[in-house]
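Topology and contacts: notes
Take a look at the letters that make up each chain.
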Amino acid sequence: MRWALNRLALAITSMVALAFLVPLAVATRQIAYDRAIAEARQQATSMVTVLGVNSDPFTLTNAVASTASGSVGRLAVHLPGDDPIGATHLAGDVVRRAAQDRRAAVAHTDDGVAYLQPTVLTDGRTVVVEVFVPDEDTRRGVVVAWLALGGLAIVLVGGSTLFADRLGGQLVRATRQLAAASRRLGGGELNERITPVGPRELRDAASAFNGMADDLRRLLDRERELAADLSHRLRTPLTGLRLDVEAMPPGPIAERMRQACDLLDEELEAIITGARLGSIETRGSQQCDLVEVLADRLAFWSVLAEDQERPWEVVGGYEPVMLPMPAGEVILVVDALLGNVFSHTPDGTAFRVLVSSTGLLVDDAGPGIPDPETAVQRGFSGAGSTGLGLDIVRRAAETLHGKLIIERSPLGGARIGFVLAL
């Protein structure tokens, strides 16, 4: 923007300067020419005065020599029937035409112009006074004037460009400040506000940004309060469910139910804490090991896999894979991927889990996913699913700057997971 304003100011000022300088340059050239002709006319008039008093050739010779132009060979007096007195620069026919017309005239030569002033003597003869003006006299002072005009144009163009640069700098600083504040607000700094500076439009934009940030902060605070309140309300049915589980006889089902209740209790606690503190503050400061979370959740799902006679295996997981996310969110992702296999494939369908530093993938030997695009749309995924599970995986992948994978697996079914950006 700043460079564009500078170019615009440079172009406009240059056009304005040219619009004035070109006519001024031509006028300066014409003024110098007219001044030289006026000086020649003045000297010719002085010779006409001498001719009116005495037309003797000897007297005229002395008079011509005493003038400034005559002393340097630039003045001549043409008497009819006699040789010119002084130095002439014109052919005889040009002088004769001037004598016949009896009007002052200017004749051009190769190296200048000659001013011709006819006059009639008392005896009726027509005498022509010739004053030669070289080209350098017709251009005297023109170069200096043109240099002065060029310097003035440069000063005007440079000053306007500098002024436009200063104005553009204010606009750019205000715009950059607004853009930087928008990025920080988008990054989770909800207390970000800016001081309105610059033109009125940018000040209005800054005020609108501050109002939007205030509204966003109030909206998020309201949502956090609602989430915390909802989580507290779920405590009561969860407590009743836990009492029922405790009353069940010991066994794999009772153990799995107790683990589910513990996990649900942890998730509710995490939701309450996150709602109170803010998701941005809790997410950026925590990390967990994907391999460790996967091992813990496979211990839970393996019991159900054994009941449904599902063969399964894990590939990789020999080295820790640290993710910048709370363990609770990673557990949701792992449960969504594994739960998708148990929910949408028949009993006895094999699955395989691949974990590495590049991400987490779950392959199954089921029917697959015919339309991957609608599979992540809430309420439109088909097969009796809400699409929430895959949406959880997608959002987690985007948080980790990766992407969701939905494709055909080597086992013949679906491959679902996420890959991280390397």
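Looking at an unreviewed UniProt entry, the protein chain carries the name histidine kinase, with the source organism given as Actinoplanes couchii. According to the UniProt record, the Subcellular location (unreviewed entry) comment for the protein chain is "Cell membrane". As its UniProt record puts it under Catalytic activity (unreviewed entry), the protein chain is described as follows: "ATP + protein L-histidine = ADP + protein N-phospho-L-histidine."

Moving on to the sheet that holds strand β10 (residues 359-364). Pairing is mixed across the open sheet formed by five strands, whose spatial order is β7-β9-β10-β12-β11. In this open sheet, the two edge strands, each paired with only one partner strand, are β7 (312-316) and β11 (403-408). On average, each strand axis in the sheet is tilted by 15° relative to the strand beside it, whichever way the strands run. Alignment of strand β9 (residues 351-356) against β10, held across six bridges, turns out to be antiparallel. If you follow F351 over to β10, its bridge partner there is D364. Packing against the sheet, helix α10 (residues 290-307) makes contact with β7, β9, β10 and β12 (414-419), and its axis sits at approximately 170° to β9. Seen against the sheet, helix α11 (residues 327-344) touches β9, β10 and β12 and runs at an angle of roughly 10° to β10.

We now examine the pattern of salt bridges. Counted according to the given criterion, the structure contains 15 salt bridges. The closest approach of N and O atoms between R258 and E255, which form a salt bridge, is 3.3 Å. On the criterion of helical spacing, the pair formed by R258 and E255 is a turn pair, its members being three residues apart in helix α8 (residues 252-277). Close ionic contact of R394 with D391 constitutes a salt bridge, the shortest N to O distance being 2.5 Å. Within this pair, R394 and its partner D391 are both found in helix α13 (residues 388-399), separated by three residues, close to a single helical turn. Overall, R394 belongs to the partly exposed group, its relative accessible area being 26%.

Another aspect to go through is the environment of A213. Structurally, A213 is set in helix α7 (residues 200-246). Sequence-wise, A213 and G186 are 27 residues apart; in three dimensions their C-alpha atoms are separated by 10.0 Å. Apart from residues lying up to four places away in sequence, A213 is in contact with L185, E192 and R193.

With that out of the way, let us pick up the packing of aromatic side chains. Across all of its chains, the model carries four aromatic pairs by this definition. Aromatic pair W312 and F351: ring centres 6.1 Å apart, planes at 5°, arrangement stacked. Remark: F351 occurs in strand β9 and W312 occurs in strand β7; sequence separation between them is 39 residues. What makes W312 partly exposed here is its relative accessible area of 34%. Chaining the aromatic ring pairs together yields one cluster made of F300, W301, W312, F342 and F351.

The next thing to look at is the nonpolar core. By size, the foremost hydrophobic cluster in this structure holds 38 residues, and its most contacted members are L290, L360 and F418. Elements with a contribution of two residues or more to this core: α10, α11, β9, β10, α13 and β12. Beyond its immediate sequence surroundings of up to four residues, F418 is in contact with L290, L323, V333, T358, G359, L360, L361, V393, A397, L400, K403 and I405. Formed by 21 residues, the second largest nonpolar core is a distinct cluster that contains A63, L75, L79 and V133.

The subject of this paragraph is the side chain of D137. Secondary-structure assignment places D137 in helix α5 (residues 135-138). Not counting residues up to four positions away in its chain, the partners in contact with D137 are A32, A36 and R74.

Moving on, we come to a nonpolar patch on the surface. Nonpolar side chains collect at one region of the surface, where L8, I12, M15, V16, F20 and L24 lie side by side and expose about 600 Å² of accessible area between them. Given a relative accessible area of 57%, F20 falls into the exposed group.

Analysis parameters
- Residues numbered from 1 in each chain as written.
- Predicted model: local features only at pLDDT ≥ 70, side-chain atom pairs only at ≥ 80, totals over all residues.
- Heavy atoms only, no water.
- UniProt positions renumbered as here; feature names shortened; annotations may be inferred.
- Pairing = 2+ DSSP bridges.
- Helix = DSSP H or I, 4+ residues; strand = E, 2+ residues; numbered from the N terminus.
- Axes fitted to C-alpha atoms, helices over the stretch in contact; angles between N-to-C directions.
- Contact = heavy atoms within 4.5 Å.
- Salt bridge = Lys/Arg side-chain N within 4 Å of Asp/Glu carboxyl O.
- Buried < 20%, exposed > 50% of the residue type's maximum accessible area, 1.4 Å probe, protein only.
- Phe/Tyr/Trp six-rings, centres within 6.5 Å; stacked < 30°, edge-to-face > 60°.
- Core = buried A, V, L, I, M, F, W, Y, C linked by side-chain atoms within 4.5 Å.
- Patch = residues over 30% accessible without salt bridge, like charges linked within 9 Å, V, L, I, M, F, W, Y side chains within 5 Å.
- Areas by Shrake-Rupley, 256 points an atom, 1.4 Å probe, with all protein chains shown as cover.

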